[in-house]
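Structure at a glance
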Amino acid sequence: MPTENFMDILFSNWQHTLQPFGVDQVAAEKAFNRLVAAYSTPGRYYHTLKHIDHVLGTIEILQGYTNNLAAVQLAAWFHDVVYDTEAQDNEERSADYAFELLSNLGIPESTITTITHLILNTKDHQAGVDDYDSQVLLDADLAILATNLVEYPEYAHAIRQEYGWVAEADYITGRRQVLERFLQRSRIYSTPLMLEFAEPSARGNIQREIQSLLSG
């Protein structure tokens, strides 16, 4: 379970992101509680509030590349709010969830449109050359791939737990395909900072995971 201090920090971040929009404090807290409930549903081992916190922290590092920082941060909050490993439309449903909740908070429609666009781009993790906000969100979402040799295996294990209903042989085949698609890209990351400092680590981690899957 998340600690009280962790939750306080997350709530503070949430309030700070909403501040420019003049959202009512009671409404902001209710919305936050809805997000906490969504990210705490059974069956989540990786796509939890810890993941959201990690993505937000990476966005903070990369914020110099953004055009609309608040939209990127809000998209981070909502991008995995609907997560069902047996469904194919999680990103679409997450975008709809964001639209409904943010509309109720009075966030401008233009900002919500940007946010839903950002969320939908997490489906294939592909950002346009000039879509800097998507580049930052996607790089932050994939930052886990470049983590250290202790955290990466924990991440890989958590993903396996989320697909616990999948038979081992099928999981190995599917997971390997996902990982190999990343390796086949000319670059996993788009922002200059991540490309320089995270790309080599991510490729090394992915190659090690593939080897681990193949060796059983």
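The following refers to the structure shown. Since this is a predicted model, take the numbers as computed values, not measurements. (Residues numbered from 1 in each chain as written. Predicted model: local features only at pLDDT ≥ 70, side-chain atom pairs only at ≥ 80, totals over all residues. Heavy atoms only, no water.)

So, on to helix α7 (residues 132-141). By the criterion of burial, α7 is predominantly enclosed, with nine of the ten residues buried. Every buried residue of α7 is accounted for by Asp-133, Ser-134, Gln-135, Val-136, Leu-137, Leu-138, Asp-139, Ala-140 and Asp-141. (Buried < 20%, exposed > 50% of the residue type's maximum accessible area, 1.4 Å probe, protein only. Helix = DSSP H or I, 4+ residues; strand = E, 2+ residues; numbered from the N terminus.)

Our next topic: the packing of aromatic side chains. Counted according to the given criterion, the structure contains nine aromatic pairs. Ring plane angle 50 degrees and centroid distance 4.9 Å describe the contact between Phe-11 and Phe-32, whose orientation is recorded as tilted. With Phe-11 in helix α1 (residues 4-18) and Phe-32 in helix α2 (residues 25-39), the pair connects residues that are 21 residues apart, well separated along the chain. By relative accessible area, which is 18% here, Phe-11 ends up buried. Given the relative accessible area of 5%, Phe-32 is considered buried. Measuring from centroid to centroid gives 5.2 Å for Trp-14 and Trp-77, while their planes differ by 70 degrees, and the two rings are edge-to-face. Of the two residues, Trp-14 is situated in helix α1 and Trp-77 in helix α4 (residues 69-78); the sequence distance between them amounts to 63 residues. Taking relative accessible area as the criterion, Trp-14 reaches 0% and is therefore assigned buried. By the ring-pair criterion, three or more aromatic residues cluster together here, those being Phe-11, Trp-14, Phe-32, Trp-77, Phe-78 and Tyr-97. When the ring centre of Tyr-171 is taken as reference, the NZ or CZ atom of Arg-160 above it lies at 4.3 Å. (Phe/Tyr/Trp six-rings, centres within 6.5 Å; stacked < 30°, edge-to-face > 60°. Lys NZ or Arg CZ within 6 Å of the ring centre and 35° of its normal.)

Mapping Asp-84 onto the fold places it in the loop between α4 and α5 (90-104). Accessibility expressed as a relative area gives 32% for Asp-84, which makes it partly exposed. Distance from Asp-84 to Thr-173, taken between C-alpha atoms, is 19 Å for residues 89 residues apart in sequence. Beyond its immediate stretch of four places on either side in the chain, Asp-84 contacts Asn-90 and Arg-93. (Contact = heavy atoms within 4.5 Å.)

What follows covers unusual backbone geometry. With a phi angle near 50 degrees, His-125 is a residue other than glycine that sits in the positive phi range. Counting through the fold element by element, His-125 comes out in the loop between α6 (109-121) and α7. Looking at His-125, the relative accessible area reads 15%, which means it is buried.

Moving on, we get to the pattern of salt bridges. Counted under the stated rule, the structure contains eight salt bridges. For Glu-209, the salt bridge goes to Arg-175, with nearest N and O atoms at 2.8 Å. With Glu-209 in helix α11 (residues 199-215) and Arg-175 in helix α9 (residues 168-184), this residue pair connects regions lying 34 residues apart in the sequence. Residue classification places Glu-209 among the buried positions, given a relative accessible area of 9%. (Salt bridge = Lys/Arg side-chain N within 4 Å of Asp/Glu carboxyl O.)

What follows concerns a nonpolar patch on the surface. Judged by side-chain polarity, Ile-61, Tyr-65, Leu-193 and Phe-197 come together as a nonpolar surface patch covering roughly 400 Å² of accessible area. Residue placement: Leu-193 occurs in helix α10 (residues 192-197). (Patch = residues over 30% accessible without salt bridge, like charges linked within 9 Å, V, L, I, M, F, W, Y side chains within 5 Å. Areas by Shrake-Rupley, 256 points an atom, 1.4 Å probe, with all protein chains shown as cover.)

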